[in-house]
Structure formats: structure tokens, C-alpha cells
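The primary structure of each chain is shown beneath.
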Amino acid sequence: MAECPEPTSNGTTNANITSNLLVKIEDLVNCRSVERQRLEFKASWNKGPTMFQVVKTISAFANDFYNDDGGYIVIGVAEPEEIESLEAAVEQIVLPPAGINPKDIERTQKEILGACKSLISPSYSPILSPEVLQDKLVLVIWTQASDDRPHKARVSTKGEYHYFIRKGPETKRATDKEIKSLMESSCKTPFDDRMARLGMFYQVFSQSIYTSWRFN
């Protein structure tokens, strides 16, 4: 779990942080390096409706039904509730971002990882990366295609588990036919691909540990 520096005296966030992403945050939010269907934006985080929406989307990205290689959720950037088209969605993202209070970033990361552990089966841990976007702190949840898929997620604290997939820019509950396809493809990930993803994970994890050490 990465940590972030405190805000500066003028209310902005110190940009001298080390990213855990392989793409620049500006390119990410403007869809210059990632397709729009692999992106979701949340204006803020809470342990209510937003938590369950985020958990469902994490499980959908991890299931990677259309082989898009996962996706990203950016917390601290708002988007319209109704998206008429992918092009319109990019244009209507609210910038500058609302951002996240740096004092809340550690708690938010712990809550997200805790929700993934308790509300996703089998549990899944995404890569979390605090980023600075236009002098505001945002949090990127990077979800890679999982080797343990298919995953299912709860829609409420004591609710039933359901399978979700990503369809365009939306997270949808999988149909019986889609669940069958998820099951059939769950063990088809080539060994070389698994090793490549594992190597990438350790690289990012090592960088995260270094970042935490720098700011402690």
C-alpha cells in the first residue's frame, strides 16, 4: 500500500511521489493510452454504495471477459451518471478533479483492500497507486486480469455473490451463458502469461515498498 506526502501550504499536493502505474495519469484519464471501456471514475470513496460499485467493477476487470487486460478505477475524478457514448464520456469527465484529502488516503486504501478481501470470492488484491492530477491527489485502482478468475462479488454486506463482467464502459451482472464462458476459460491462461504478470506484480510491489520507505 503506497503512502503520500502531506498537502503543501497553498492547499495543493506535493507532486514528488513515485507512481505504481506503467502509464502517466494524464494519459490515463484522457484515454490516450487506455481504452475507455477499461476506465471508471468515482468522484469520492465511501463505505456505502460506492464501495459495492467499486468492488463489482474490480471483480469484472479481474474476470477480463473480453480479454482487455483488466482496467483502472480512478477515485477523485467525477464523471456523468449517464454515458451516451465513449467519446462523450471522455469529454464530460470533470476536471480539475475534486481529489482526495491526503489525510484520508491511507484509510481509503485499507478500506478498499479490506472490501476486496471480504466481498470478492476468491479474494483479489488490486494495485493501488496515489497520483497527482492537476495539483490534486487521486487514487488509481489498477486491476489486472486475474489468474484465479472467475471472481464473484457481493452486492451488499450480507448479500449473495454474483459474477460481473465489463461491457463497454459499464459493469454488468453476467448471464448464465457468460458465466459458463468464464468457467470454461478460467484455466486457459498460458503459463508464460502468468509468469509475465507475476513479474510485473513484483516489480510494482517493490516500487511500492520503496515509496513507503521514502515517506516514512
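Given the structure is predicted, the values throughout are model-derived calculations rather than measurements.

**Q** When you look at the pattern of salt bridges in this model, what are you seeing that I'm missing?
**A** Close approach of charged atoms lets side chains of opposite charge pair. Applying the stated criterion across every chain, the model contains 11 salt bridges. With its nearest N and O atoms 3.5 Å apart, the salt bridge here joins E40 to K42. According to the relative accessible area criterion, E40 is buried, its value standing at 8%. For K42, a relative accessible area of 14% translates into the label buried. The salt bridge involving D64 is made with R149; its shortest N-O contact spans 3.8 Å. On the criterion of sequence distance, the pair formed by D64 in the loop between helix 2 (49-63) and strand 2 (71-75) and R149 in the loop between strand 5 (136-143) and strand 6 (152-154) is long-range, its members being 85 residues apart. Across the pair, R149 and D64 agree in class, each one buried. Among the charged side chains, a salt-bridge network with shared partners connects E40, K42 and R166.

**Q** Quick question: what am I supposed to make of the sheet that holds strand 2 here?
**A** Backbone-to-backbone hydrogen bonds pair the strands of a sheet. The strands run either parallel or antiparallel. The strand order across the open sheet formed by 4 strands is 1-2-5-4, and the pairing between neighbours is mixed. The outermost strands of the open sheet, each flanked by one partner alone, are strand 1 (39-42) and strand 4 (127-133). If you compare each strand with its neighbour and ignore which way they point, the axes differ by 25° on average. Here strand 1 runs beside strand 2; their pairing, made up of 4 bridges, is parallel. Its bridge partner being in strand 2, K42 is matched across the sheet by I75.

Rules and cut-offs
- Per chain, the residues get numbers from 1 upward, laid out in the order the sequence is written.
- Local features are withheld for residues below a pLDDT of 70 in this predicted model, meaning they are given only at 70 or higher, and side-chain atom pairs are given and counted only at 80 or more; totals for whole chains, interfaces and linings count all residues.
- Values shown for side chains rest on all heavy atoms present in the structure; no hydrogens or waters enter the calculation.
- Salt bridges are defined as contacts in which a side-chain nitrogen from Lys or Arg sits within 4 Å of a carboxyl oxygen from Asp or Glu.
- Accessibility here uses a 1.4 Å probe with only protein chains present; expressed as a share of the type maximum, an area under 20% marks a residue as buried, one over 50% as exposed, and anything in between as partly exposed.
- Secondary structure elements follow DSSP: runs of H or I no shorter than four residues count as helices, runs of E no shorter than two count as strands, and numbering proceeds from the N terminus.
- Strand pairing requires that DSSP identify at least two bridges connecting the strands.
- All axes here are fitted lines through C-alpha atoms, helices being fitted over the stretch that makes contact, and every angle between N-to-C directions spans 0 to 180 degrees.

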